[in-house]
Amino acid sequence: MRIRTLLAPVALGAAALTTAAVLGAPSAVGGGSTISASGVTFTPANTTVAQGTSVTWSFTGTHTTTSDQAFWNSGNRSTGATYSQGMKSAGKFPYHCTIHAGMNGSITVPLRVTGGSEGSGWTLRWSTATAGAGRAFDVQYRRTGTTAWRSFRTDTTAATGLFNLAQSGTYQLRARTSNTAQDRESGWSPIITRTLS
Ligand SMILES: [Cu+2]
């Protein structure tokens, strides 16, 4: 294995990462996550990482890791090669291998709450940085028990925002990343819930 892999921290489970995200752990890049591409399978097929995590694929045989929404594309990589992608922003990012039909995976990046309170609102962070060229973010909310999502931010390039509606209640929140250059969007991040008083 490569030194990079050996030095990478032991990957946290999805639950632990989600908890860290909700608790507002630092988002600085530092964690790493490795996915193997071998046979006709990505392992693990579904990965949840915190914003700012670098995901590295390692290849056995020839494969690609290709974002379904064109966020990244490794091109063909063969045994011994790696490909890394920084996951800065929230959403669910499905990907596939262009060589092997049915060889699919996904990376989920949760929305984070970096501070706040029921009385003063919550600071949401959907990206570690403002959007680069060809990228933007959507953030939505809805009151629990209702079905229709409302826009909190649409195509924003900002990375954070204060969620503090005039109406008290418990709200669900989610975010996604747009590839505006390709007019495509990631899936939505897992829902988080916060109460306003
Ligand atoms: Cu493949």
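Our structure is the block above this text.
A. Looking closely at the overall build of the protein chain. Secondary structure assignment for the protein chain yields 2 helices and 16 strands. For the protein chain, with 197 residues in total, the buried portion stands at 41%. A separation threshold of at least 6 residues defines the contact pool for the protein chain, and within that pool the share at least 24 residues apart is 59%. If you sum the accessible surface of the protein chain, you get close to 9,300 Å²; carbon and sulfur atoms cover 52% of it.

B. Structural detail: unusual backbone geometry. Omega for the peptide link from threonine 43 to proline 44 comes to -5°, which places this bond in the cis form. Within the secondary structure, proline 44 is located in the loop between strand 2 (41-43) and strand 3 (46-48). In the Ramachandran plot, aspartate 155 falls in the positive-phi region, its phi being about 50° despite a non-glycine side chain. Relative to the elements of secondary structure, aspartate 155 occurs in strand 12 (residues 150-156).

C. How the structure looks around the pattern of salt bridges. The final tally for this structure, using the stated rule, is 1 salt bridge. The partner of arginine 176 in a salt bridge is aspartate 138, and the shortest N-O contact between them spans 2.9 Å. In this pair, arginine 176 is assigned in strand 14 (residues 169-179) and aspartate 138 in strand 11 (residues 135-143), connecting sequence segments 38 residues apart. On the accessibility criterion, aspartate 138 (7% relative accessible area) is buried.

D. Focus on the sheet that holds strand 5 (residues 66-67). Taken in spatial order, the 4 strands line up as 3-8-7-5 in an open sheet, and their pairing is mixed. The outermost strands of the open sheet, each flanked by one partner alone, are strand 3 and strand 5. Two elements, strand 5 and strand 7 (residues 91-96), share 2 bridges in a ladder whose sense is antiparallel. Following the sheet pairing, serine 67 is matched in strand 7 by tyrosine 95.

E. Region of the structure containing the coordination of the copper ion. Coordination of the copper ion by the protein involves His63 (ND1), Cys97 (SG), His100 (ND1) and Met103 (SD), with metal-donor separations of 2.0 to 2.6 Å. Taken together, the 4 donor atoms surrounding the copper ion define angles of 91 to 132° at the centre, an arrangement classified as tetrahedral. Counting residues between consecutive donors of the copper ion along the chain gives the motif H-x33-C-x2-H-x2-M. Exposure remark for cysteine 97: the relative accessible area of 4% places this residue in the buried category.

F. Spatial organisation of the packing of aromatic side chains. For the structure shown, the criterion picks out 11 aromatic pairs. Ring plane angle 85° and centroid distance 5.2 Å describe the contact between tryptophan 57 and tyrosine 95, whose orientation is recorded as edge-to-face. Taken together, the residues tryptophan 57 in strand 4 (residues 53-60) and tyrosine 95 in strand 7 connect sequence positions 38 residues apart. By the burial criterion, tryptophan 57 is buried, and tyrosine 95 matches it. Aromatic side chains tyrosine 141 and tyrosine 171 sit 6.0 Å apart centroid to centroid with 70° between the ring planes, which places their arrangement in the edge-to-face category. Linking tyrosine 141 in strand 11 with tyrosine 171 in strand 14, this pair joins segments that are 30 residues apart in sequence. For tyrosine 141, a relative accessible area of 14% translates into the label buried. Cation over ring: arginine 153 sits above phenylalanine 152, and NZ or CZ is 4.1 Å from the ring centre.

The rules behind these values
- Residues numbered from 1 in each chain as written.
- Predicted model: local features only at pLDDT ≥ 70, side-chain atom pairs only at ≥ 80, totals over all residues.
- Heavy atoms only, no water.
- Helix = DSSP H or I, 4+ residues; strand = E, 2+ residues; numbered from the N terminus.
- Buried < 20%, exposed > 50% of the residue type's maximum accessible area, 1.4 Å probe, protein only.
- Contact = heavy atoms within 4.5 Å.
- Areas by Shrake-Rupley, 256 points an atom, 1.4 Å probe, with all protein chains shown as cover.
- Salt bridge = Lys/Arg side-chain N within 4 Å of Asp/Glu carboxyl O.
- Pairing = 2+ DSSP bridges.
- Donors = N, O, S within 2.8 Å, 3.2 Å for Na, K, Ca; no water.
- Tetrahedral: all angles 85-135°; square planar, octahedral: opposite > 155°, others 65-115°.
- Phe/Tyr/Trp six-rings, centres within 6.5 Å; stacked < 30°, edge-to-face > 60°.
- Lys NZ or Arg CZ within 6 Å of the ring centre and 35° of its normal.

The quantities given are spatial measurements derived from coordinates; they are silent on function.
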